Amino acid sequence: MSDDRAETNNKKDDVTTSRRDFLKNIGIAGASTLMAGSASAGVPADSPDPDAESTAAEWLQGHFVLMSEEDKKEAINRLEKRYTAKYDKKTTVANTPPLEGVLFGYALNIGKCIGCRRCVHACVQENNQSRTNPVIHWIQVMKIPKGNFAFTADKLNDGYPKSSAFGDYGVQVGGNAYAPVGGLATEHAQSYYSADEMVPDKDYFYVPVQCQQCEKPPCVKACPVRATFRDPNGVVVIDYNWCIGCRMCQLACPYQARRFNWGEPNLPPEEMNPKTHYFGNRPRMRGVMEKCTFCVQRTREGRNPACLEACPVGARKFGNLLDPESDVRKILATKKVFRFKEEMSTYPKFFYYIG
Amino acid sequence: MKKILSFVADFGSYAINGGTKYKAWLIFLLFIIVTGFYTAYIQLSEGLIVVGASDQVPMELFFANFIFTAHVAAAAILVVAPGYFYHRKDMKELAVIGEIIAMVFVATGITFILFHMGRPDRLWHMVPFLGYLNFPNSMLVYDTIVLNVYLYLNLIGISYILYKKYVGEFDTKALARWFTPVIYLAIIWGPLIHICTAFVLSSNARMGAWSTAVMPFGFLAMAGASGPSLVILLFLLIRKYSKLHINDSVIDLMSTIIGWSLGIIMLVFAAEYFTALYSNTEHAAPLNYSMFGHNGLNMYVPWFWGTVVTIVVSFVAILNPKIRKSYDRWLPILCVVIFLAILMEKPMMLVFPAFSPSPLGEYTEYHPTFIELYNVVLTWAVGFLSLTLLVKGAVGILTGEVKYSKPVDAA
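Rules used in this analysis
Residues numbered from 1 in each chain as written. Chains lettered and ligands numbered in written order. Predicted model: local features only at pLDDT ≥ 70, side-chain atom pairs only at ≥ 80, totals over all residues. Heavy atoms only, no water. Helix = DSSP H or I, 4+ residues; strand = E, 2+ residues; numbered from the N terminus. Buried < 20%, exposed > 50% of the residue type's maximum accessible area, 1.4 Å probe, protein only. Contact = heavy atoms within 4.5 Å. Areas by Shrake-Rupley, 256 points an atom, 1.4 Å probe, with all protein chains shown as cover. Pairing = 2+ DSSP bridges. Polar contact = N/O pair within 3.5 Å; in protein donor to acceptor, adjacent residues only side chain to side chain. Buried area = accessible area lost by both parts, 1.4 Å probe. Salt bridge = Lys/Arg side-chain N within 4 Å of Asp/Glu carboxyl O. Nonpolar A, V, L, I, M, F, W, Y, C, P; charged D, E, K, R; others polar. Axes fitted to C-alpha atoms, helices over the stretch in contact; angles between N-to-C directions. Parallel < 35°, antiparallel > 145°, perpendicular 65-115°, else oblique. Left-handed = near helix turned anticlockwise from the far one by under 90°. Expected span 1.5 Å × (residues − 1). Bend = angle between axes of the 7 residues up to and from the residue. Core = buried A, V, L, I, M, F, W, Y, C linked by side-chain atoms within 4.5 Å. Domains from an automatic or database assignment. Phe/Tyr/Trp six-rings, centres within 6.5 Å; stacked < 30°, edge-to-face > 60°. Lys NZ or Arg CZ within 6 Å of the ring centre and 35° of its normal. 1 Å grid on protein atoms, 1.4 Å probe; cavity = no way out; pocket = protein on both sides within 12 Å on 5 of 7 lines; lining within 4 Å. Points joined across faces, edges and corners; volume = space filled by probe spheres on them. Patch = residues over 30% accessible without salt bridge, like charges linked within 9 Å, V, L, I, M, F, W, Y side chains within 5 Å. Lys, Arg positive; Asp, Glu negative; His and termini not counted. Charge placed at Lys NZ, Arg CZ, Asp CG, Glu CD.

## A short note on the overall build of chain A
When helices and strands are tallied, chain A shows eleven helices and twelve strands. For chain A, the proportion of its 355 residues judged to be buried stands at 54%. In chain A, 69% of the contacts between residues at least 6 apart in sequence involve partners at least 24 apart. For chain A, the accessible surface area stands at approximately 15700 Å², while carbon and sulfur atoms represent 55% of it.

Written as structure tokens, this is what we have:
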């Protein structure tokens, strides 16, 4: 398939144009009837409907990457108009292109992380996630018991078999088996916490997990319509308007990084962040997938992701993996770095390190 | 054209007419369908939040039922193949009924997938040339293609046979030229839809319980058990209530297939469980969860052991000639049991427990909602209504009760 070139070249594509024309010929009227219950459901009944025609046009739009520049502008104007009306504040939808010669990478110091979840909440505010029903967090902080203390002398004779010709002490399995000793084993991880929990708990360490921006992402391979794909900076993004909601990507992701809009997202207008990007934090609709994009709306403009800025202990570092002077590259060169679930061969560009 | 119109009219009027019991069955299904429109409307307007799925268990009952419909659809070739491959005279006539089962179940499966999708309105994104297909990478694309091709192959087969028989031009020699290849293709295509569906599941490396090479074999064996169970039930009903003659030999072949399919299921399960449990690594965690529960979460435990016991008991029972030959009592009961056991195996053993532990170590129990259950029932009702009407009409044509009469009376 030549789609790799098509994705990076954003040239006017004749095929796409003719597709659009064909769809237009099917009839905008019919399409808007079909859509009445779905995309336009986001528009409150009392506000002036930014017209059914724009909803229909949104339904008819092709894959954003394959659209002509002109159609992209049109699509973005449509979205800005709809969001501005819905959230009652001037909303911009950027289409900032990927940076030249940049491969984004992230490094997180699990030795420093105190489990305060400020990154989680900064992310929710920055990226316009649904606040209630469904609650969507792109970062999930695992709390993992440190272990070691589980070994006891009491269990010395508890093994299997209880007694044998070799002695009565568990020749095959020791009595202290099946106890956690820390490490990145998810088996005893807990992800849920109460709001008044004191952190850090000395018996635990904390591992925030978000989209690992794999170089070989299984989610992209599984998507039947290429709604999700790697951008030239190595970030996996989603065209929320192209996603069909089949959740094959969620099934494929070994990091549980993808979140689905099970219902119409609830984003209070006063909390809405009006500075958005098409592939990033623009408000999503019901029935589509979303996930961390390394804050594409910020990083494509040379800023740091919101989670990094919120981290009170400086456990998070972000930068260009191609630049030897960047924070991430220095960490890769000097610290004990590892990838989460390396055995999955997804080659994440999200690194964990200690010290 | 006149012939086609009269075909449709005669077929339809024969299909909807019948005895009191038959009419009651149709009205029952219609009642479910009409009331089901309401729950379907709720799901389509509110989104999938009204079903029990979550980011931890993203596949719901619709997906599980879809896998089951693929079982039955693939198994329908077991009615078609003996007639064409082994030239069994007693089965060649019945091939069309096998194809009807295949077509209806594929269509039902596609309906389940529509309920499963978050944005069914964007389905056109998957239409070749109109949308964009992630070919050749996405397994779902393969599955969509094979399911649709199977649907149309069977649609062509059924309409051609029934129409030609209706107008009395059914000529086996002329048929051989293009029609037999179509049937052969459909026979080969049956297992294909199943293997692709198995690959949609087993291609996910992170799903420890699913990434197993025996998945397609297990699926084919379950197809061989559940499909013929439905076929036997249908044939016994046809034999009882219509003039169409179905030999005991046909029923016996089907029950033999069921028996040995159950045997293969047992072997596949044993191979899978042994491989997982001997080393008992983290890949065995979902299986341990199904078998013994986890920290008090043991919803799936009775389903697991219940299904395993049912499969073993059914296997032993169907080997017993007294039960196998009890056409009016034990055999139909056993067929219902096997059909339901394989149906329930899908969500409660295959799909839901496989998601625990999640990649971040969470254990979840899945609780379907009423709307979800009713939408499943609705989809089954639509499927069974189409199956009933099509089989009834086909039986009318096969027995010669429905045939084209030249409009002499009109002239």
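What follows continues from the structure just given.
## Let's talk about the pairing of strand 3 (residues 140-145) of chain A
Residues and elements named next belong to chain A. Burial analysis of strand 3 places six of its six residues in the buried class, which makes it a mostly covered element. Both faces of strand 3 are covered, namely the face carrying Gln140, Met142 and Ile144 and the face carrying Val141, Lys143 and Pro145. When strand 3 meets strand 4 (residues 204-209), the two strands line up antiparallel, connected through six bridges. Across the sheet, residue valine 141 finds its bridge partner in strand 4, namely proline 208.

## Some words on the side chain of asparagine 109 of chain A
Residues and elements named next belong to chain A. Looking at where asparagine 109 falls in the secondary structure, it is placed in strand 2 (residues 104-109). Polar side-chain contacts of asparagine 109 include one of 2.8 Å to the backbone nitrogen of glycine 111. Non-local contacts of asparagine 109, meaning those with residues more than four positions away in its chain, are made with Ala315, Tyr353, Ile354 and Gly355.

## Quick word on the interface of chain B and chain A
The interface of chain B with chain A comprises 48 residues on the first partner and 59 residues on the second. The junction of chain B with chain A conceals about 4500 Å² of combined surface from both sides, 57% of it contributed by carbon and sulfur atoms. Where chain B meets chain A, there are one salt bridge. Of the charged contacts in the structure, one is a salt bridge between arginine 247 of chain A and glutamate 60 of chain B, with a shortest N-O distance of 2.5 Å. For the pair chain B and chain A, the number of links is 36 residue pairs in polar contact (both at pLDDT 80 or more). Only helix 2 (20-46) and helix 7 (139-167) of chain B provide two or more residues apiece to the side of chain B that touches chain A. Examining the composition of the side of chain B that touches chain A, we find that three residues originate from one element, helix 2 of chain B, more than from any other. In terms of residue class, the side of chain B that touches chain A is made up of 25 nonpolar, 14 polar and nine charged.

## A short note on the sheet that holds strand 2 of chain A
Residues and elements named next belong to chain A. As summarised here, the arrangement of the four strands in space is 10-2-12-11, forming an open sheet in which the pairing is mixed. At either end of the open sheet lies a strand with only one pairing partner, and these are strand 10 (316-320) and strand 11 (336-338). Averaged over all adjacent pairs, the angle separating strand axes in this sheet is 30°, with direction ignored. In the packing of helix 11 (residues 327-334) onto the sheet, contacts are made with strand 2, strand 10, strand 11 and strand 12 (350-354), and the angle to strand 10 comes to roughly 110°.

## Some words on the packing of helix 3 (residues 61-75) of chain B against helix 15 (residues 370-398) of chain B
All names here are of chain B. Axis separation between helix 3 and helix 15 bottoms out at 10 Å; the angle between their running directions is 25°. One way to sum up the angle between helix 3 and helix 15 is to call them roughly parallel. The two elements helix 3 and helix 15 cross, and the hand of that crossing is right-handed. Facing Leu61, Phe62, Asn65, Phe68 and Thr69 of helix 3, the residues of helix 15 in contact are Glu372, Leu373, Asn375, Val376 and Trp380. In the contact of helix 3 with helix 15, the residues fall into six nonpolar, three polar and one charged.

## Details of the side chain of histidine 125 of chain B
Looking at the element boundaries, histidine 125 of chain B is found in the loop between helix 6 (95-116) and helix 7. Since its relative accessible area comes to 0%, histidine 125 of chain B is described here as buried. What histidine 125 of chain B contacts, discounting residues up to four positions off in sequence, is Val225, Asn241, Trp242 and Ile244 of chain A together with Gly131 and Tyr132 of chain B.

## Remarks on the pairing of strand 2 of chain A
Residue and element names in this part refer to chain A. Here strand 2 lies mainly inside the structure; six of its six residues are buried. Residues of strand 2 alternate between two faces, with Phe104, Tyr106 and Leu108 on one and Gly105, Ala107 and Asn109 on the opposite face, all of them buried. Alignment of strand 2 against strand 10, held across five bridges, turns out to be antiparallel. Directly across from alanine 107, in strand 10, lies its bridge partner lysine 317.

## Considerations on the pattern of salt bridges
As enumerated under the stated definition, the model contains 26 salt bridges over all chains in all. Between lysine 164 of chain B and glutamate 169 of chain B there is a salt bridge, with its nearest N and O atoms 3.2 Å apart. What makes glutamate 169 of chain B partly exposed here is its relative accessible area of 39%. When salt bridges with common partners are traced through the structure, they connect Arg117, Lys143 and Glu197 of chain A into a single cluster.

## Side note on helix 14 (residues 330-351) of chain B
Residues and elements named next belong to chain B. Relative to the 32 Å expected for 22 residues at 1.5 Å per residue, helix 14 spans 31 Å between its end C-alpha atoms, a close match to the ideal helical length. Along helix 14, the sharpest kink reaches roughly 45°, centred on glutamate 345 and followed within four residues by the proline proline 347. Most of helix 14 is tucked away, with 16 of its 22 residues classed as buried.

## Describing the nonpolar core
The biggest cluster of nonpolar side chains holds 171 residues, and the ones touching the most others in it are Ile97, Trp210 and Phe235 of chain B. When we break this core down by domain, the ones giving at least three residues each are domain 1 (3-86) and domain 2 (104-144 + 206-354) of chain A. Tryptophan 210 of chain B has contacts with Leu251 of chain A together with Phe63, Leu201, Ser202, Asn204, Met215, Leu350, Val351, Ala354 and Phe355 of chain B, leaving out every residue within four places of it along the chain. Counting residues in each nonpolar core, the second largest holds 51 residues, with Cys119, Val141, Ala257 and Leu308 of chain A among its members.

## What about the environment of lysine 81 of chain A?
Along the chain, lysine 81 of chain A turns up in helix 5 (residues 69-87). In sequence terms lysine 81 of chain A and serine 54 of chain A are 27 residues apart; their C-alpha atoms lie 9.5 Å from each other.

## Things to note about the packing of aromatic side chains
Residues and elements named next belong to chain A. Scanning the entire structure with this criterion turns up 44 aromatic pairs over all chains. Ring pairs connect the aromatic residues Phe104, Tyr106, Tyr255, Phe294, Phe318, Phe338, Phe340, Phe350 and Tyr352, which therefore count as one cluster. Over the ring of tyrosine 193 we find arginine 117; its NZ or CZ atom is 3.8 Å from the centre of that ring.

## Topic: the layout of surface pockets
Counted as a void, the largest pocket has a volume near 1300 Å³. Together, 40 residues line the largest pocket, and Trp25, Leu234, Leu237, Phe384 and Thr388 of chain B are the ones closest to its centre. At the level of secondary structure, the elements contributing two or more residues to the lining of the largest pocket comprise helix 2, helix 3, helix 9 (215-241), helix 14 and helix 15 of chain B. Of the residues belonging to the lining of the largest pocket, the class tally is 30 nonpolar, six polar and four charged. The volume enclosed by the second largest pocket comes to roughly 950 Å³. Thr186 and Glu187 of chain A together with Glu282, Ala285 and Pro357 of chain B are the residues nearest the centre of the second largest pocket, which is lined by 38 residues in total.

## Quick notes on a negative patch on the surface
On the surface, a cluster of negative charge is made up of Glu187, Glu342 and Glu343 of chain A together with Glu282 of chain B. Looking at the secondary structure, you find glutamate 343 of chain A in the loop between strand 11 and strand 12. By relative accessible area, which is 55% here, glutamate 343 of chain A ends up exposed.

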